[in-house]
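Observations on the model geometry
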Amino acid sequence: MPDRSCPKLLRALLPLLAATGCDGCPSSRPYTPYTLGSAAPSGSPPPLSGVAPGAPDAGPDADAGAPDAAAPRFAAVPSVPAPEGGKRWPLDGGAVAAAPTGRTFETGLLLDLDGDGARDLVAWARAPDGLRGELLLAPAARPQAPRTLAALPGDLAAQGCAPRVGLSQIGPATVALDFAPQCPDQQRAAGAGATRWIAVIRLPGPDAGAGAAPELALELRLRTPPPDEALSASLEVADRDADGRDDLIVSVGLSGALRPFPAPAGAAAAGLGAPLVFLDRPAGLSRDAAQPGEALRALAAALLRDARGKATAPAVAASAQRLRRLHAALCADASSGGGAVAGRDATRAGEALVWTGAGPVRCGEPGLAAAIDHAEAVAASTRGAPLAAVAALDRGGAEARGKDEGKLLAKLAPPAAASAVYRTAAAPQPARPGAFGPLAFEASGALLVRTAQGVVRVDPAASPASTEAATDIPPWPAAVHAGPAELVAVERRCDAPTLLALFRSSPEAVGEMEVPLPLLRGQGPRARPGAAPPERCAGTERLPFSPLAASEGGFDIALGAALVSIDLRAAAPTASALSFPLATPAPRGAARSPDGATLAVPAAGGLLVATAGGAARLWSGGDLAQATACAPANGGARVACVVGAAAVIFEAK
């Protein structure tokens, strides 16, 4: 189905981007959009000038009456390659600038910075390996005394990567240097991708005093995103506050999609973006705290509008995931549900991808994640997928659920008070989390309990003497097998952007294989139900999940109300979101009824019992808070769970 939501998102964002890209003031000073490049998922070298790949075209939906519509644009001045092998650079008046010892000029600009009529040199001087260097100023009057304007930070050197450097004058008083390492795909996949470094130099204005020199105004670091995602940045210079000084707008875009999320197509392939705004003050550039929060909120609001339309609702889930990723890439304080990540782990996990010289960007948008979840839940409800809606509402936990979210949850899964109607004398055989449980209903309504001695049939409707009786039914296996493969665990790890399913390809296999799941790291249940996300990510967390089916082709599981199918038939196993009802048969011990049409999974602080063609209900009360390994009967009127050393049959009103 075509993605119709992205154009609406872009239209919603265009007025905000236009507001940041024009001064809107009587001065009508020119501004320049200048693209510093985008690391393409294919690993191809990025363009260092021109229009940003995938940048939205204003088109007929743009505001033609914007204040800057007729404003003249500063024509960006690109640098030129160094002459004479980069060792010497001739200047006006016969002067010559020599490259420092151990350095070679690569590219530069000739600009008259001091108003003496002779052009001065601003040039990038690099070491032989290209991974070290400085941006130098060599005045025409004193070429023998070059000054360092900005030096590449030593911690950004990326061995094995080929750097690309771009240098341009992007405004009347602004020069930008872009150092963009191009790294092999395998290096990016290993989480060792390099960091792009952008230095913005402020040139002395006409009112600057004698001897004024260019100065470093801003440093930006753009970390390499995980494979299949691309991060781009474009710069605009504008006098936004009419104080006669050039302000800076950095529009950051994120495109592509993590594996296994489907790659966006059509208009959605352009990705999403939001601006960082830096106002020029006498003391230097100061970030406008209103952005990117204002733009992100506008995108979330557009998502909610699309969620209410039957034609646009199907595309909202994919757009919501892209917006979450953009939020996490831009904002170090974005709630990922798994705590903050720093260092190399952040590079792989795709968080805090954008840093300034003062550190990561803090956006102060604590409610944005909940707004995105709410929009996705509304969209799922609109398209008739109540389980997907509950899964979206449950991502932030009860503490993050507002009044509107609570009302929607109560509508999708009305609360039901559960009570125990029978407690067995037979003790269910213990099973590890994620295994097929020891309980299974029969089509007749009787309950089978797998014990250490065999399978016991429990029929509360029978006479007391025959309520529980041993059978000759073979015990079903606890391990979740798909042919020779066994599903071992689901993990949340600090160094992975999505949840991971772990399986062994055979009983004799050494080690475990990983399959990325279509759930971001902050999604899915907590290892301790009801626990709040930690402030910082802490190692590896194994998550509870409910097996729903297993066949030669793979596994179906539930993580809370989120249903996932893992396909092992291809050379590279894949995972995808699963719709309810499931088409696969229900094995004994699964969280499904014998006919497969009802499931019972822990979600939203209770036990979610849903039947195909019927209403879902959220059971709570009794001993359900301590219950594990639940299995429903056909129709969902009864659910059996392990509570302590017994099996308990529940009914709900």
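Values in this document were obtained by computation on a predicted structure and should not be read as measured data. (Residues numbered from 1 in each chain as written. Predicted model: local features only at pLDDT ≥ 70, side-chain atom pairs only at ≥ 80, totals over all residues. Heavy atoms only, no water.)

1. Here we look at empty space enclosed by the protein
The full count for this structure, using the stated rule, is 2 cavities of 30 Å³ or more. By volume, the second largest cavity is sized at about 60 Å³. Along the walls of the second largest cavity sit Ala370, Asp373, Ala392, Leu393, Gly396, Gly397, Ala400, Arg401 and Glu405, which together make up its complete lining. Of the residues assigned to the lining of the second largest cavity, the class counts are 4 nonpolar, 2 polar and 3 charged. (1 Å grid on protein atoms, 1.4 Å probe; cavity = no way out; pocket = protein on both sides within 12 Å on 5 of 7 lines; lining within 4 Å. Points joined across faces, edges and corners; volume = space filled by probe spheres on them. Nonpolar A, V, L, I, M, F, W, Y, C, P; charged D, E, K, R; others polar.)

2. Here's the deal with the state of the cysteines
Under the definition given, this model contains 2 disulfides. Covalent S-S linkage joins cysteine 331 and cysteine 363, the inter-sulfur distance amounting to 2.0 Å. Sign of the S-S torsion, about -85° for the bond between cysteine 331 and cysteine 363, identifies this disulfide as left-handed. Residue cysteine 331 is located in the loop between helix H4 (316-330) and helix H5 (344-349), and its partner cysteine 363 is located in the loop between strand E19 (359-360) and helix H6 (368-382); the two are separated by 32 residues in the primary sequence. With respect to burial, cysteine 331 and cysteine 363 carry one shared label: buried. Each sulfur of the disulfide joining cysteine 630 and cysteine 641 lies 2.0 Å from the other. Taking the sign of the S-S torsion, about 115° here, the bridge from cysteine 630 to cysteine 641 comes out right-handed. With cysteine 630 in strand E37 (residues 628-632) and cysteine 641 in strand E38 (residues 638-643), this residue pair connects regions lying 11 residues apart in the sequence. By relative accessible area, cysteine 630 is classed as buried at 10%. (Disulfide = S-S within 2.5 Å. Helix = DSSP H or I, 4+ residues; strand = E, 2+ residues; numbered from the N terminus. Buried < 20%, exposed > 50% of the residue type's maximum accessible area, 1.4 Å probe, protein only.)

3. Concerning the sheet that holds strand E11 (residues 174-182)
The strand order across the open sheet built from 7 strands is E2-E10-E11-E12-E13-E18-E19, with neighbouring strands paired in antiparallel fashion. Only two strands of the sheet have a single neighbouring strand rather than two, namely strand E2 (77-78) and E19. Two elements, E2 and strand E10 (residues 162-171), share 2 bridges in a ladder whose sense is antiparallel. Within E10, the residue paired with valine 77 across the bridge is glutamine 169. (Pairing = 2+ DSSP bridges.)

Everything listed here is a matter of geometry and, on its own, says nothing about what the molecule does.
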